[in-house]
Amino acid sequence: MSYQAFLKEIEKGLPSPVYLCHASDIFLHREAVEAIRRTVPEPERDFNLHIYDLLLPGDEGIPFGQILDVANTVSFFGGKRITVLLLNLQKLSKKEMESLSTHIMSPPDNSVLVLLHLGSLGKEAREKLGRVKPLSLDIREAEIPAWIMQRALARGIKITDKASDYLIGLVGPDLGLLASEIEKISLLGKTTIGADDIADIVTGERSFGIFDLVNALRSKDPERVFRIYKTLRETSEDYGLIGALNWQYGRSMQTSRTPAEKAYLLKVFEILHSTDREIKSSGRTFPMEYMLVRLLRL
């Protein structure tokens, strides 16, 4: 996990004078900045930590030379002076890129310059900043379960493998949304979290759950299906309900025995997938209701 390499540098106290990090998700930039902030003692942050986000209106007008002057200033209190630039490096002019390249060649002692770039590095950035090895902060989708486990452990809880898979099924691979859900889960007061605990958070403390909705669909009871759905949607987003249905039917797929049962479940997954696309593209009026009707007709 490439983000782990960055965290190891954090643990070592950021020993290199310059870091060039890139990620496709702005959430990982914010995480990196917070990790860096924690390395500086709070009484020293006003003097030894300077963060510039050149995508923000307040920072984008600051002359780049002024930022480099800050990066070149001697640290206070004898600690390291850390300057963080959160920006798209392609926004810099050739002259500014040259100045940055010069700074990287001879950085001052006891200073750390962290460059955070959103997306893949452009050709000019790779050429001008080639003295610094780029460090990707991206987390591949296959690594997300491990990331969930680690983030949960940092908050004093253990999430089971099934619970982790269920959470991803509910929320998707969006790290920001996953982090938000983990924060909610950490407030349950439990040390070990299972899939049922997560289902309780999503569906709430009420008389119906996803299991009830699936049973009503299999029984082809439209009145009960829509009564349950009306209850569930009071505290759940549609994307969360689709994720929960995917997870519930996925469990059935693991235990299905007959070809007819598997064929039924494949049709279910096709309907769930098409509904998810419709919700994200706003391509249909009442997509969830239409989905339930289609599932009742299987």
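Preceding block: the structure.
Just so you know, these numbers come straight off a predicted model, no measurement behind them. (Residues numbered from 1 in each chain as written. Predicted model: local features only at pLDDT ≥ 70, side-chain atom pairs only at ≥ 80, totals over all residues. Heavy atoms only, no water.)

Peer 1: An account of the pattern of salt bridges is requested, with residue identities and associated values reported.
Peer 2: Across all of its chains, the model carries 10 salt bridges by this definition. Across the pair arginine 37 and glutamate 34 runs a salt bridge, and its minimum N-O distance is 3.3 Å. Of this pair, arginine 37 and glutamate 34 both sit in helix α2 (residues 26-38), three residues apart, which is roughly one turn of that helix. Since its relative accessible area comes to 28%, arginine 37 is described here as partly exposed. Across the pair glutamate 223 and arginine 227 runs a salt bridge whose closest N-O atoms are separated by 3.9 Å. (Salt bridge = Lys/Arg side-chain N within 4 Å of Asp/Glu carboxyl O. Helix = DSSP H or I, 4+ residues; strand = E, 2+ residues; numbered from the N terminus. Buried < 20%, exposed > 50% of the residue type's maximum accessible area, 1.4 Å probe, protein only.)

Peer 1: A description of the pairing of strand β2 (residues 49-53) should follow, citing residues and the corresponding values.
Peer 2: Along β2, four of the five residues are buried, which leaves the element largely enclosed by surrounding structure. Taken together, the five bridges between β2 and strand β3 (residues 81-86) define a ladder with parallel strand orientation. Among the inter-strand pairings, tyrosine 52 is bridged to a residue of β3, identified as leucine 85. (Pairing = 2+ DSSP bridges.)

Peer 1: Which residues make up the side chain of histidine 50, and what values go with them?
Peer 2: With respect to the helices and strands, the residue histidine 50 is situated in strand β2. A polar atom in the side chain of histidine 50 sits 3.1 Å from the backbone oxygen of phenylalanine 47. Discounting residues that sit within four places of it in the chain, histidine 50 has contacts with Val70, Arg81, Ile82, Thr83 and Val84. (Polar contact = N/O pair within 3.5 Å; in protein donor to acceptor, adjacent residues only side chain to side chain. Contact = heavy atoms within 4.5 Å.)

Peer 1: Describe the sheet that holds strand β1 (residues 18-23), naming the residues involved and giving the relevant values.
Peer 2: The strand order β2-β3-β4-β1-β5 describes an open sheet built from five strands, whose pairing is parallel. Where the open sheet ends on each side, the last strands, each with one partner, are β2 and β5 (134-136). Strand-to-strand twist of the sheet, defined as the mean angle between neighbouring strand axes without regard to direction, takes the value 20°. The sheet strands contacting helix α1 (residues 2-11) are β1 and β5, and the helix crosses β5 at an angle near 115°. Its contacts with the sheet place helix α5 (residues 64-72) against β2, β3 and β4 (111-118), and it is angled at close to 150° to β3. (Axes fitted to C-alpha atoms, helices over the stretch in contact; angles between N-to-C directions.)

Remember, this is a structural readout, not a statement about activity or role.
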